[in-house]
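Okay, here's what each chain looks like letter by letter:
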Amino acid sequence: MNGQSLSVRDAILQRRSIKKFNGQPVERDTLMTVLEDAKWAPNHGNREPWRLVVASSEELDELHTVLREFGIPKWQELPEVALSKQMKKFLDPGAYAFVIVKEDVRQKERLEDYAAASCYIQNAQLLAWDLGIGSCWKTPPFIDAPNFREIMGVKPEERIISMLQFGYYDEMPKAKPRMSVEEFVTFFGSN
Ligand SMILES: Cc1cc2nc3c(=O)[nH]c(=O)nc-3n(C[C@H](O)[C@H](O)[C@H](O)COP(=O)(O)O)c2cc1C
């Protein structure tokens, strides 16, 4: 890194979801700066409807045990080689943030809050990218499992919307093709 930030456009265009991390830890201070800056996401009524449960450095060992339990079916029965192969996806990220949103009983507010928290996540992903840190927004089914929610301290009126993995990486994934703007834009009055 040369200390110079990417332009907003370059960050948006260049960011890719990183699914293969290299195991290098993400420093807590760096992560906290990303999570602090990401709070400038748009959010209706200034409700700031997100909270995060974070694991970096010292919390990681305990989190890995929980992820093994919830993320690898019948892990006790797997041969050690197979288990360590499957565990790689959980062990290699350098930090985790579970993004939790309050689920408002009013539908409009609930949608707004999910949207705002999604903006928060995108901010965090772009800010991390700018620092050379990859990330992936993951939604494994266990984030809604009652026992997992309990371990994470999720209240009944809340929901985990993302297991956000952060970490350093050696390989840059190829971008999958996207639609061109002409394919998803029509002009008012032409439909
Ligand atoms: C709401 C949401 C949920 C996602 N869940 C997963 C997931 O469970 N596992 C995964 O590998 N990627 C997940 N992703 C990441 C997408 O696979 C990724 O963004 C997509 O392939 C586009 O790649 P890019 O981010 O590099 O442009 C999720 C992304 C979003 C926005």
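Each remark here, short or long, concerns the structure printed above.
All figures in this text were calculated on a predicted structure; none of them were measured in a lab. (Residues numbered from 1 in each chain as written. Predicted model: local features only at pLDDT ≥ 70, side-chain atom pairs only at ≥ 80, totals over all residues. Heavy atoms only, no water.)

## Some remarks on the site of the ligand
- Taken together, the neighbourhood of the ligand is formed by Arg 15, Arg 16, Ser 17, Lys 19, Cys 136, Trp 137, Lys 138, Thr 139, Lys 176 and Arg 178.
- In this structure, a nitrogen atom belonging to the ligand sits 2.9 Å away from a main-chain N or O atom of Trp 137.
- Contacts to the ligand include Arg 178, whose side-chain N or O atom sits 3.1 Å from an oxygen atom.
- In isolation the ligand has 620 Å² of accessible area, and contact with the protein removes 63% of it.
- A per-class count over the shell around the ligand returns two nonpolar, two polar and six charged. (Near = heavy atom within 4 Å. Polar contact = N/O pair within 3.5 Å; in protein donor to acceptor, adjacent residues only side chain to side chain. Areas by Shrake-Rupley, 256 points an atom, 1.4 Å probe, with all protein chains shown as cover. Nonpolar A, V, L, I, M, F, W, Y, C, P; charged D, E, K, R; others polar.)

## Observations regarding the pattern of salt bridges
- Per the counting criterion, the structure on display carries 14 salt bridges.
- A salt bridge links Glu 112 to Arg 47; its shortest N-O distance comes to 2.7 Å. A residue pair is termed long-range when its members are at least 10 positions apart, and Glu 112 in helix α5 (residues 107-130) and Arg 47 in the loop between α2 (28-37) and β1 (50-56) qualify at 65 residues.
- With relative accessibility at 31%, the residue Arg 47 sits in the partly exposed group.
- Here Glu 109 and Arg 106 are joined by a salt bridge, their closest N and O atoms 3.7 Å apart. (Salt bridge = Lys/Arg side-chain N within 4 Å of Asp/Glu carboxyl O. Helix = DSSP H or I, 4+ residues; strand = E, 2+ residues; numbered from the N terminus. Buried < 20%, exposed > 50% of the residue type's maximum accessible area, 1.4 Å probe, protein only.)

## Observations concerning the sheet that holds strand β3 (residues 134-138)
- On the basis of which strands lie adjacent, the open sheet formed by four strands has the order β1-β2-β4-β3 and antiparallel pairing. A strand with exactly one partner marks an edge of an open sheet, and here the two such strands are β1 and β3. Each neighbouring strand pair of the sheet contributes to a mean axis angle of 20°, computed without reference to strand direction. (Pairing = 2+ DSSP bridges. Axes fitted to C-alpha atoms, helices over the stretch in contact; angles between N-to-C directions.)

## Remarks on the nonpolar core
- Residues Val 26, Tyr 120 and Phe 166 are the most contacted members of the largest nonpolar core, which totals 22 residues.
- Sort the elements by how many residues they give to this core and α5 lands first, with six residues.
- Residues in contact with Tyr 120, not counting those within four places in the same chain, are Leu 35, Ala 38, Lys 39, Ala 41, Trp 50 and Leu 52.
- Core analysis: the next-biggest nonpolar cluster, separate from the first, contains 20 residues, Leu 63, Ile 143, Phe 148 and Met 163 among them. (Core = buried A, V, L, I, M, F, W, Y, C linked by side-chain atoms within 4.5 Å. Contact = heavy atoms within 4.5 Å.)

## Observations regarding the side chain of Gln 125
- Note on placement: Gln 125 falls in helix α5.
- On the accessibility criterion, Gln 125 (4% relative accessible area) is buried.
- Among all residues touching Gln 125, those that are not within four sequence positions of it are Arg 15, Ser 135, Cys 136, Trp 137 and Leu 164.

## Thoughts on the packing of α2 against α5
- Between α2 and α5, the shortest axis-to-axis distance is 8 Å and the interhelical angle comes to 140°. The angle between α2 and α5 falls in the class oblique. Relative to α5, the crossing made by α2 is right-handed. Touching Val 34, Leu 35 and Asp 37 of α2 are Tyr 120, Ala 124, Leu 127 and Ala 128, all from α5. (Parallel < 35°, antiparallel > 145°, perpendicular 65-115°, else oblique. Left-handed = near helix turned anticlockwise from the far one by under 90°.)

## Digging into a nonpolar patch on the surface
- Together, Met 179, Val 181, Phe 184, Val 185 and Phe 187 line one region of the surface with nonpolar side chains, adding up to about 530 Å² of accessible area.
- Using a relative accessible area of 53% as the deciding quantity, one classes Met 179 as exposed. (Patch = residues over 30% accessible without salt bridge, like charges linked within 9 Å, V, L, I, M, F, W, Y side chains within 5 Å.)

## Brief notes about the packing of aromatic side chains
- Tallying each qualifying case throughout the model produces eight aromatic pairs.
- Summarising the aromatic geometry, the rings of Phe 70 and Phe 142 are spaced 6.5 Å apart at their centres and angled 45° between planes, so their arrangement reads as tilted. Taken as a pair, Phe 70 in helix α3 (residues 60-71) and Phe 142 in the loop between β3 and α6 (146-152) lie far apart in primary sequence, 72 residues in all.
- Between the aromatic rings of Tyr 96 and Phe 98, the centroid separation amounts to 6.1 Å while the plane-to-plane angle is 10°, which identifies the pairing as stacked.
- For Phe 98, a relative accessible area of 1% gives the class buried.
- One Lys or Arg, Arg 68, reaches over the ring of Trp 75 and ends 3.7 Å from the middle of that ring. (Phe/Tyr/Trp six-rings, centres within 6.5 Å; stacked < 30°, edge-to-face > 60°. Lys NZ or Arg CZ within 6 Å of the ring centre and 35° of its normal.)

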